[in-house]
Amino acid sequence: MFAHLPILIIIFPLAIAFIIIFLFKKYSPFLSIIGVTVSFILLIRFAPFIHKGDELLYHLGGWQSPLGISLSIDGLSFFFSFTVLLVGIMVILYSIPEKKYNHNYYFLLLLLLSSMIGVIFTADIFNIYILFELVSIVTCLLVAYYQQRVALRASFNYLLISTVALSLFLLGVGSLYSMAGVLGISSISKQIPMIFAENPKIITVSLVLILTSMGIKSAMVPMHGWLPDAHSLAPSSVSAILSGVVVKLGIYCLIRLLYGLFIAGDYHGYFGSSLQLLMIFGAVNIIFGAMMALAQDDLKRMLAYSTIVQIGVILIGISINNTTGFEGALFHIFNHALLKSGLFFCAGIITLQTGKRKIKDFAGYGEKNPFVALCFTILSLGIIGIPPMNGFVSKFLVCLSAVEEEHPVFAIIIIIGSLMTAAYFFRVIQIFYSEPIQSDKNISTIDCEKSYLFQPRIFELSPIFILTGISIIMGIIPSLGLSIVSPAIKVIFSSLLPVLP
Amino acid sequence: MDNSKILRTIAQKLFPFILMFGFYLTLHGHLSPGGGFQGGVVIGTAIILLALSYGVDETEKRFKENNLSILEKLAILSFIFLGLLGIFYGYPFLRDIMPLGERGCLASAGMMVLLNIVISIKVAAGITGIFYTLVKYRGEL
Amino acid sequence: MTPINISLLVFMIGLYGVIVKNNMIKKVIGLAMLNSSVVLLFVAIGYRDGGMAPIIDNQTANSIGTVLVNPVPQALMLTAIVVSISLTALALALVVKIYAKYKTLDVQRINKE
């Protein structure tokens, strides 16, 4: 049974999803928790195997590699699917007490988790397109779940932009397939030197198309327009999973295709210049995102622009050709998934308890619910990058690698970004711990009493508590987090070392 | 939807032939371009042709929404079950466990025929369900 | 005119529709055109000179010299057409819902509120 685990990790949430809408509509929260937890435990069983550095290849249907679709679990896939399932469990825990979520919501959530793990595990380039399209369709449905006016508009916008991005991706795949004739990622990478010798323009075309499409999906700055609307107008648990892991899926495909396909052979001329391009995109992300976040007065929109800033940090970390930088970037992906999900959960509870969405209306929230305000403070310290938290470790590693590679300007940009992050988060924290405005209490006493009635219970508070706890522990003992990241580094740099000058 | 007599008669006479064409596409999926999805869409189109000429309410009395929904979910669960059958026999997921016949014959290619049939049922039910939701309920489901 | 050139041309026309047109239905039509351009690329790649459609019956199975067009891109494009239909269906359902709430199909008037 151990050899069949890759497909079981993907199939199990999918089967539970269809059983939920067919038979057990009432028990959907508990069945979905069981489904995702079982998947998570099955994934953990791989951990000692991955730590040795082995890779598990699973051929679907028994068809061997050039003919059939195969799944592969190596260090990078294990790291990303670990992040996805962890955030997934927290999101399902958070959404259990909400009575407006019926069986359709849990069905969509399980389908989303299952197809994300499908994108991460697959080793076939056309399969990435199919499963990524499934991810974007289900994301559109989840963003428009409450069918409010503005959420429908945001969802339609996101659908259009995502389809353009994935059609570009498929055009790139098609131009590569026209010369290579096979579709597996490792099979194409063996043929790239021959393709480059025959017709180098095809490689340029496909590289540009794939870079553009993955740039749109992972919100690099000129192409980030869908992100603030989609992430701020969705329900809070959906925002958490969107900002936490769905955006990182584009970065995963970027890493996998750049380092798996386009680096083969003597080809580092194009590869090096695309890495420089990613560095510039990362820097622009940080500056632009931080400036826009300072100008927001809606809490969830500010958190969405903060996601753009952190993706800039991750892009700088990926594109510096250095082990330290890559470690920092991957660890930052993990940290940001935990921290941003926790922040969106807090924002959800705050919005439900005060009934308002703008930051200036949250005055005195620290007194109303000290636990959530404290967790918000600790999590935002993590995103800013202040020492006992995990965000400090990952941002420090990226800055260190920027200085090591003689590009100190990027370290300065990351530090300026962290200062601006501190500016907009401290503004919110200060408003939490200040006095409520007196006139509000006199005028609308009925609203105040009604909002005091909503008390978050254990299901909504425990994910925030667990995420804060994990973040603090990862910050104090960074080697725990880096031990998950190091097999991924070994996988990527084993393909890189023969090629670098 | 204007119900003209010519349209109703032609649709009624053509309906079994379109269904037959859909079954042909499904069952010959391993021998010609086609397969589960295309056959399912043609079967769904046949039902939609009836709905366009007779009116959606009439057609819904014969192809009920509830039954279509149950068929859809049963079909996908049996697809997963057929895939897992391979695991129970010890091979990887979706392996052919039926006997492979000779090339060019209808009963060859292992499990693909069964999978094609299951997919065509699901797609036909799905397409008709989409049509009902958009036209009958005007998107208000 | 290689396959990639023609396919990019159709892609650009579809992209023009998605970006410039104000009516939402026209944007959805542009979306369907984007997906069709990719299908065009893949099927054009699989063409072999003088080949016939890849249908295997007893005649072609037993003879060796027939040239068939490459069936693998066609199989891949069957899946891509499925995805395209789902996207178009979802986009149209969203347009129906948005029209019910906003009472207009003009994107500029919707974004103004």
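Residues numbered from 1 in each chain as written. Chains lettered and ligands numbered in written order. Predicted model: local features only at pLDDT ≥ 70, side-chain atom pairs only at ≥ 80, totals over all residues. Heavy atoms only, no water.

1. Points about the confidence of the model for chain A
All names here are of chain A.
Here is step 1: Per-residue confidence for chain A gives a mean pLDDT of 87, with 93% of residues at or over 70.
Here is step 2: The spread of mean pLDDT over the elements of chain A runs between helix α20 (residues 445-452), the lowest at 47, and helix α6 (residues 125-143), the highest at 94.
Here is step 3: In this model, residues 442-451 is a region of pLDDT below 50 whose contacts with residues beyond four sequence positions or in other chains number 3 contacts. (pLDDT = per-residue confidence, 0-100. Helix = DSSP H or I, 4+ residues; strand = E, 2+ residues; numbered from the N terminus. Contact = heavy atoms within 4.5 Å.)

2. Structural notes on the interface of chain C and chain A
Here is step 1: Contacts between chain C and chain A engage 37 residues on the former and 29 residues on the latter.
Here is step 2: Buried area between chain C and chain A, summed over both chains or domains, comes out near 3,000 Å², and the portion from carbon and sulfur atoms is 81%.
Here is step 3: Of all residues in chain C, the largest losses of buried area upon contact with chain A belong to Leu90, Leu94 and Lys101 of chain C, amounting jointly to 17% of the total for that side.
Here is step 4: Here chain C and chain A share 0 salt bridges between them.
Here is step 5: Counting the contacts that link chain C with chain A gives 6 residue pairs in polar contact (both at pLDDT 80 or more).
Here is step 6: Listed by contribution, the elements that provide at least two residues to the side of chain C that touches chain A are α1 (3-20), α2 (24-45), α4 (71-102) and α5 (107-112) of chain C.
Here is step 7: The element best represented in the side of chain C that touches chain A is α4 of chain C, accounting for 17 residues.
Here is step 8: Of the residues that constitute the side of chain C that touches chain A, the class distribution is 27 nonpolar, 6 polar and 4 charged. (Buried area = accessible area lost by both parts, 1.4 Å probe. Salt bridge = Lys/Arg side-chain N within 4 Å of Asp/Glu carboxyl O. Polar contact = N/O pair within 3.5 Å; in protein donor to acceptor, adjacent residues only side chain to side chain. Nonpolar A, V, L, I, M, F, W, Y, C, P; charged D, E, K, R; others polar.)

3. Thoughts on the packing of helix α14 (residues 323-354) of chain A against helix α21 (residues 458-476) of chain A
Residue and element names in this part refer to chain A.
Here is step 1: Contact pair α14 / α21: the axes reach a minimum separation of 9 Å and the direction vectors enclose 150°. As summarised for this structure, α14 and α21 are arranged roughly antiparallel, according to the angle between their axes. Taken as a pair, α14 and α21 cross one another with a handedness that is left-handed. Across the interface between the two elements, Phe331, Phe334, Leu338, Leu339, Ser341, Gly342, Phe345, Cys346 and Ile349 of α14 pack against Glu460, Leu461, Pro463, Ile464, Leu467, Ile470, Ser471 and Met474 of α21.
Here is step 2: In the contact of α14 with α21, the residues fall into 13 nonpolar, 3 polar and 1 charged. (Axes fitted to C-alpha atoms, helices over the stretch in contact; angles between N-to-C directions. Parallel < 35°, antiparallel > 145°, perpendicular 65-115°, else oblique. Left-handed = near helix turned anticlockwise from the far one by under 90°.)

4. Remarks on α21 of chain A
Here is step 1: The end-to-end C-alpha distance of α21 of chain A is 26 Å, a good match for the 27 Å that 19 residues give at a rise of 1.5 Å each.
Here is step 2: Of the positions making up α21 of chain A, those classed as buried are Glu460, Leu461, Ser462, Pro463, Ile464, Leu467, Thr468, Ser471, Met474 and Gly475 of chain A. (Expected span 1.5 Å × (residues − 1). Buried < 20%, exposed > 50% of the residue type's maximum accessible area, 1.4 Å probe, protein only.)

5. Quick look at the packing of aromatic side chains
Each aromatic ring pair is specified by the distance between its two centres and by the angle formed by the two planes.
All names here are of chain A.
Here is step 1: In the structure shown here, the tally under the stated rule is 28 aromatic pairs over all chains.
Here is step 2: For the ring pair phenylalanine 392 and phenylalanine 396, a centre distance of 5.7 Å and an interplane angle of 25° mean the geometry is stacked. One end of the pair, phenylalanine 392, and the other, phenylalanine 396, are both in helix α17 (residues 390-404), 4 residues apart, so they sit about a helical turn from each other.
Here is step 3: Overall, phenylalanine 392 belongs to the partly exposed group, its relative accessible area being 30%. (Phe/Tyr/Trp six-rings, centres within 6.5 Å; stacked < 30°, edge-to-face > 60°.)

6. Topic: the pattern of salt bridges
Residue and element names in this part refer to chain A.
Here is step 1: Using the criterion set out here, one finds 5 salt bridges over all chains in the structure.
Here is step 2: For aspartate 229, the salt bridge is made with arginine 301, and the minimal N-O distance between the two is 3.1 Å. Of this pair, aspartate 229 sits in helix α10 (residues 226-232) while arginine 301 is found in helix α13 (residues 299-319), placing the two residues 72 residues apart along the sequence.

7. Here we look at the environment of serine 471 of chain A
Residue and element names in this part refer to chain A.
Here is step 1: Position of serine 471 among the secondary structure elements: in helix α21.
Here is step 2: Using a relative accessible area of 0% as the deciding quantity, one classes serine 471 as buried.
Here is step 3: When the C-alpha positions of serine 471 and asparagine 335 are compared, they lie 7.1 Å apart, and in sequence the two are 136 residues distant.
Here is step 4: With near-sequence residues (within four places) excluded, serine 471 lies in contact with Leu338, Leu339, Leu379, Met389 and Asn390.

8. Looking at a nonpolar patch on the surface
Here is step 1: A contiguous nonpolar patch, built from Ile130 and Leu134 of chain B together with Ile25, Ile29 and Leu92 of chain C and spanning about 370 Å² of accessible area, is present on the exposed surface.
Here is step 2: As for its position among the elements, leucine 134 of chain B is in helix α5 (residues 112-136).
Here is step 3: In this structure leucine 134 of chain B comes out as partly exposed when scored by relative accessible area, which is 30%. (Patch = residues over 30% accessible without salt bridge, like charges linked within 9 Å, V, L, I, M, F, W, Y side chains within 5 Å. Areas by Shrake-Rupley, 256 points an atom, 1.4 Å probe, with all protein chains shown as cover.)

9. Topic: the pairing of strand β2 (residues 70-73) of chain A
Residue and element names in this part refer to chain A.
Here is step 1: Here β2 shows a buried face lined by Ser70 and Ser72 and a second buried face lined by Leu71 and Ile73.
Here is step 2: In terms of strand pairing, strand β1 (residues 56-59) meets β2 through 4 bridges, oriented antiparallel. Paired with tyrosine 58 across the bridge in β2 is leucine 71. (Pairing = 2+ DSSP bridges.)

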